[in-house]
Amino acid sequence: MPKLTIDGIEIEVDNGLTVLQACEQIGIEIPRFCYHERLTVAGNCRMCLVEMERAPKPVASCAMPVGEGMVITTNSPAVKKMRQGVMELLLINHPLDCPICDQGGECDLQDQAVGYGMDRSRFMENKRSVKNKTFGPLIKAMMTRCIHCTRCVRFSSEIAGVPEMGTTGRGEHMEVGTYIKKALTSELSGNMIDLCPVGALTSNPYAFDTRPWELKKTESVDVMDAVGSAIRVDTKGGEVMRILPRLNEDVNEEWVSDKTRFACDGLKSQRLDSPYVRRNGKLIKTSWNDAFAAISEKIKGIDGSRFASITGDLACAESMTALKDLTASIGSTKIDCRQDGTKLDNRNRAGYVFNTTISGIENSDACLIIGANIRREAPIVNARLRKRYLTGGFEAGMIGEKVDLTFSCENLGSGTDTLCEIADGKHKFAKVLKKAKKPMLILGQGALTRPDGSAVLAMARAIAEKYGMITDDWNGFNVLHTAAARVGGLDLGITCEGGVASIVDECSAGKIDVIYLLGADEIDTNKLGKAFVIYQGHHGDAGAHRADVILPGAAYTEKNATYVNTEGRVQKTQLAVFPVGEAREDWTIIRALSDVLGHKLPYDTLLEVRSRMVEINAVFKSDDQATGGVWGKFGTKGELESSAFVSPILNFHMTDPISRSSETMAQCTEALFDEGKRNIGTNG
Amino acid sequence: MSSDSSKAMQPETFEFSAKNQKKFNTIFAKYPKGREASAMMPLLDLAQRQHDGWLPRAAMDHIADILNLAPIRVYEVATFYTMYNLAPVGKNHIQVCTNLPCWLRGSDKIMSVCKEKLGIELGDTTNDGKFTLSEVECLCACVNAPMMQINDDFYEDLDEDSTVAILESIKSGVKPTPGPQNSRKGGEPEGGAKTLRDSKEAN
């Protein structure tokens, strides 16, 4: 552990740190542009120069490893002058267009120019300008503002693993870009906007909307996939202006997927803002009382077995709890949350969560991916796998579609045949798993939503047990979910015999008279037969089109709600804006309806609902903890079909009612998904 | 050199010719396993020589594919080095050095003679496709300044007359002798060696 002196303060730091990191440890701020703690060191902006004793020249502190007996000065007049000089050079070709730049107010260059720069420029010549570039519908480029820190270049090749950005040309003609005109194809490309220290890369959908100081910031949790990334919701008035990532080392580090970041404009269109009742085949705007009366008329006196409920992929645990209790009070047991027909059951928590945890991936040394296109289903988990791969000594193989996961991952086969071979130890990947100290497997919904899903689950359990994935301090069995509500639903026991498929079948067979859809849009609504459909949700999607009564609910940014991510981590969203129009927080709607129906639910406040949740499953007592379960038996051994595993997500950008209503996501679909189909020729 | 290849007619595909495939194998074999990416620069040069002195995007993509690299990594290299031409050039690519030593020795005159003689501006190609005129940064022949490079050859110690003579000679289909265009031999002083002349005798 080397000892060094920084500005007269003696400290001892870990070996291998840089001078900049050592300075940070004692709270000395070093200005920087190119250095970023999650990217490799580039050392090209020169803003972090410091003086080192016995060195003839100033050193770039971000690239200088600490050494025994170093004497560093960061506050001398010479250092001040160096910083001013570097700042002046950086500003030579930077346009002074802050008033029309979207980065204004949250710009590193602006802040550091004020903090460390001079008050004037001595440069009288013409500034250079750069021809602008297009990076697709998400990122707005203004490359004249670029200061060539190459953070975006390093992000795309290191973190995202889709090396499309680069520096072309040299000297004064150097430009950052893709060289060829194309939309960036990474699912994490939006993070370059956060990384860019200047206004060269800014958010395209958010262009010219607001200044950062006008925004109200609310810390929340994302529901666009089952990862539950930590987000910050920026609002102005009653409108969500943008969504940014928030640091959560255990889940998303500081990245979010493009869908998480950009689908928020879907919160402004296709919204259900008032109750509706279908009269003479047409949905008519009405009042809450009328809507409740219409429901009450149908439900009062109904035989419990002729009532069923389905909870959707974005439903919060509170509303699911209330609906479960309401369904039970009507006398029905038919309630299910598994819209996609996954064969998971809730007998054993270890059997349906991501036990290794997302940060735990970094401890693993081999990974078998079964029926999951992780890049599309959970880009953040994929980024973590890539991070693990980059540190070396990690072997991965996948069974399913041949896809590029951005890290070396051999395709072992397409379906259950390969799975059986691995279980029998005949496959060559079996040796890799056997050799590994901490092997893991990731089971995707593509393998579980099939008719033989339960048998695949049992097979995966057998593989986990056979190859030492389950030990006292390691659990390598992981289920990757695609729906934000799914683990919460399973934790609350929102399952019934036969699942959603049997509820839908009974509807079309006329065995169910009234069905309650809590944001359930992924089912085939044409098959609901003559059933009276109550739809509660926030978007006019598939479910609302078929509905007989619509109850407008709140989206995830509009309520204080609990979601459980794929790891089994209980997380809470916070109300950032109020629900639109007449819409209400979801659990309160069900609570109010229960009163009208004469089955008043025993909770009046959010705290009371949450204690009811804890009553059902003690796991809801935890907060932000990934709590797996005790290993046990799950899945049912059975015949396996030999068909290939297919990922449930075809188009990454449109998976739920919010992203389907989003204009930005529609543009991405056009630019990337449709384009991709044309390129590989599967579009006729 | 020009990083704006959008104007050029880009071919759809690129493959090494059978003859160059052999050269490719020789080049590729020079780099150890895991370091194949280092073959990128000689391969780009090979591709450029095959393709009339300029590198189409298809060739860069082809090389990226062979070396298992992202195409952008090849674009970065090809745009960095001025010796890779990303847009079509004439049969004779004239690069006049205009850096300080050459400039002090009269490179402005050389440049204006070239422009006048060829009837083109800097960066243009003559209508017959025979000549392209461009400016180049120091080519490390300052001792024989001013100089210019035509394709692979250096023509040094130029003045207006010798420049005209070189261009005339190329036009008539005769390749002028590379090297100093006055009486100098290599980097020796004009009129032969001035020092150590009797070193033989001294020994």
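Worth saying up front: this structure is predicted, and the values here are computed from it rather than measured.

All names here are of chain A. The strand order across the open sheet built from 5 strands is β2-β1-β5-β3-β4, with neighbouring strands paired in mixed fashion. A strand with exactly one partner marks an edge of an open sheet, and here the two such strands are β2 (9-12) and β4 (59-60). Of the pairings in the sheet, the one linking strand β1 (residues 3-6) to strand β5 (residues 71-73) comprises 2 bridges and is parallel in character. Each bridged residue has a counterpart across the sheet, and for isoleucine 6 the counterpart in β5 is isoleucine 72.

Further remarks concern the domain arrangement of chain A. Residue and element names in this part refer to chain A. The domain boundaries assigned to chain A delineate domain 1 (3-91), domain 2 (276-343 + 486-616) and domain 3 (355-480 + 628-649). Inter-centroid distance (C-alpha atoms) of domain 2 to domain 3 is 33 Å. Interface area, domain 2 with domain 3, both sides summed: about 750 Å², of which 49% is carbon and sulfur. Considering only the side of domain 2, the residues that lose the most area to domain 3 are Lys343, Thr566 and Glu567, jointly responsible for 70% of the buried surface there. Connecting domain 2 to domain 3 are 5 residue pairs in polar contact (both at pLDDT 80 or more). When grouped by side-chain class, the residues that make up the side of domain 2 that touches domain 3 number no nonpolar, 3 polar and 3 charged.

All names here are of chain A. One finds Leu201, Ile369, Val381 and Leu385 to be the most contacted residues of the largest nonpolar core, which totals 108 residues. With 5 residues, the top contributor of residues to this core is helix α2 (residues 77-92). Isoleucine 369 has contacts with Ile374, Leu385, Gly397, Met398, Ile399, Leu405, Phe407, Cys409 and Ile442, leaving out every residue within four places of it along the chain. Counting 75 residues, the second largest nonpolar core, distinct from the first, contains Phe292, Val432, Leu443 and Val609.

Another aspect to go through is a nonpolar patch on the surface. There is a patch of nonpolar side chains on the surface, built from Met41, Phe80 and Tyr81 of chain B and spanning about 240 Å² of accessible area. Inspection of the secondary structure puts methionine 41 of chain B in helix α2 (residues 40-50).

This part is about the sheet that holds strand β19 (residues 410-413) of chain A. All names here are of chain A. Ordered in space as β19-β18-β17-β20-β23, the 5 strands form an open sheet in which the pairing is parallel. The open sheet terminates on both sides in strands that have one partner only, identified here as β19 and β23 (477-479). Sheet twist, expressed as the average angle between the axes of neighbouring strands with direction ignored, equals 25°. Where strand β17 (residues 366-370) lies against strand β18 (residues 395-399), 5 bridges are found, and the strand directions are parallel. When the bridges of β18 are listed, leucine 368 appears paired with glycine 397.

This brings us to the packing of helix α8 (residues 317-330) of chain A against helix α19 (residues 606-616) of chain A. Residue and element names in this part refer to chain A. Two elements in contact, α8 and α19, have axes separated by 10 Å at closest approach and are oriented at 75°. When the axes of α8 and α19 are compared, the pair comes out roughly perpendicular. Contact residues: α8 offers Ala317, Glu318, Thr321, Lys324 and Asp325, while α19 offers Leu606, Val609, Arg610, Arg612, Met613 and Ile616. Here the residues of the contact of α8 with α19 sort into 5 nonpolar, 1 polar and 5 charged.

All names here are of chain B. Spanning 12 residues, helix α6 (residues 107-118) covers 16 Å between terminal C-alpha atoms, matching the ideal 16 Å at 1.5 Å per step. When we look at burial in α6, the residues that qualify are Ser107, Ile110, Met111, Val113, Cys114 and Leu118. Seen end-on, α6 carries its buried residues on one side only, within an arc spanning 160°. If you follow the buried residues of α6, they end up packed against β1 (92-97), α5 (100-104), β2 (131-136), β3 (148-150) and α7 (160-171). A positive backbone phi angle near 70° is found at glycine 119, which sits one or two residues after α6.

What follows is about helix α11 (residues 416-424) of chain A. All names here are of chain A. The set of residues buried in α11 consists of Thr416, Thr418, Leu419, Ile422 and Ala423. Looking straight down α11, one finds its buried side chains confined to an arc of 155°; they lie on one side. Where α11 is buried, its residues contact β17, β18, β19, α12 (428-435) and α14 (453-466). Following α11 by one or two positions, glycine 425 adopts a phi angle in the positive range, close to 80°.

Listed by partner, the interface residues are 15 residues for chain A and 15 residues for chain B. Overall, the association of chain A and chain B removes approximately 1,100 Å² of surface from exposure, summing both partners, and the carbon and sulfur fraction of that is 56%. At the surface where chain A touches chain B, the tally comes to 4 residue pairs in polar contact (both at pLDDT 80 or more). Every element with two or more residues in the side of chain A that touches chain B is listed here: α4 (151-159) and β7 (166-168) of chain A. Per element, the largest residue contribution to the side of chain A that touches chain B is 3 residues, and it comes from β7 of chain A.

What follows is about unusual backbone geometry. Of note, the amide linkage connecting alanine 145 of chain B to proline 146 of chain B takes the cis form, showing an omega dihedral of -5°. Inspection of the secondary structure puts proline 146 of chain B in the loop between β2 and β3. Positive phi values are uncommon outside glycine, yet aspartate 7 of chain A reaches one of about 50°. Looking at the element boundaries, aspartate 7 of chain A is found in the loop between β1 and β2. Even without a glycine there, the phi angle at glutamine 270 of chain A is positive, about 60°. One can find glutamine 270 of chain A in the loop between α6 (258-262) and β13 (276-279).

Turning next to the domain arrangement of chain B. By a widely used convention, the size of an interface equals the accessible area lost when the partners come together. Partitioning chain B into structural domains gives domain 1 (9-80) and domain 2 (92-180). Each of domain 1 of chain B and domain 2 of chain B has a C-alpha centre, and these two points are 28 Å apart.

Okay, the packing of α2 of chain B against helix α4 (residues 71-80) of chain B next. All names here are of chain B. In the contact formed by α2 and α4, the axes pass within 11 Å of each other and the chain directions differ by 75°. By the criterion of interaxial angle, the relationship of α2 to α4 is roughly perpendicular. In this structure, α2 uses Met40, Met41 and Leu44 to contact α4, whose residues at the interface are Arg73, Val74, Val77 and Ala78. Partitioning the contact of α2 with α4 into residue classes produces 6 nonpolar, no polar and 1 charged.

Moving on, we come to the pairing of β18 of chain A. Residue and element names in this part refer to chain A. For β18, the buried fraction is high: 4 of the 5 residues fall into the buried class. Examined bridge by bridge, β18 and β19 share 3 bridges and lie parallel to one another. Among the inter-strand pairings, glycine 397 is bridged to a residue of β19, identified as glutamate 410.

This next bit is on the state of the cysteines. Tallied over the full model, the rule gives 0 disulfides over all chains. As a non-bridged cysteine, cysteine 62 of chain A has cysteine 48 of chain A as the owner of its nearest cysteine sulfur, 3.7 Å distant.

Looking now at the pairing of β1 of chain A. Residue and element names in this part refer to chain A. As judged from the 4 bridges shared by β1 and β2, these two strands associate in the antiparallel manner. Bridge pairing in β2 places isoleucine 6 opposite isoleucine 9. Where β1 folds back onto β2 in an antiparallel hairpin, the turn is made up of 2 residues, including aspartate 7, whose phi is positive at roughly 50°.

Rules used throughout
- Residues numbered from 1 in each chain as written.
- Chains lettered and ligands numbered in written order.
- Predicted model: local features only at pLDDT ≥ 70, side-chain atom pairs only at ≥ 80, totals over all residues.
- Heavy atoms only, no water.
- Pairing = 2+ DSSP bridges.
- Helix = DSSP H or I, 4+ residues; strand = E, 2+ residues; numbered from the N terminus.
- Domains from an automatic or database assignment.
- Buried area = accessible area lost by both parts, 1.4 Å probe.
- Polar contact = N/O pair within 3.5 Å; in protein donor to acceptor, adjacent residues only side chain to side chain.
- Nonpolar A, V, L, I, M, F, W, Y, C, P; charged D, E, K, R; others polar.
- Core = buried A, V, L, I, M, F, W, Y, C linked by side-chain atoms within 4.5 Å.
- Buried < 20%, exposed > 50% of the residue type's maximum accessible area, 1.4 Å probe, protein only.
- Contact = heavy atoms within 4.5 Å.
- Patch = residues over 30% accessible without salt bridge, like charges linked within 9 Å, V, L, I, M, F, W, Y side chains within 5 Å.
- Areas by Shrake-Rupley, 256 points an atom, 1.4 Å probe, with all protein chains shown as cover.
- Salt bridge = Lys/Arg side-chain N within 4 Å of Asp/Glu carboxyl O.
- Axes fitted to C-alpha atoms, helices over the stretch in contact; angles between N-to-C directions.
- Parallel < 35°, antiparallel > 145°, perpendicular 65-115°, else oblique.
- Expected span 1.5 Å × (residues − 1).
- Arc of directions from axis to C-beta.
- Disulfide = S-S within 2.5 Å.

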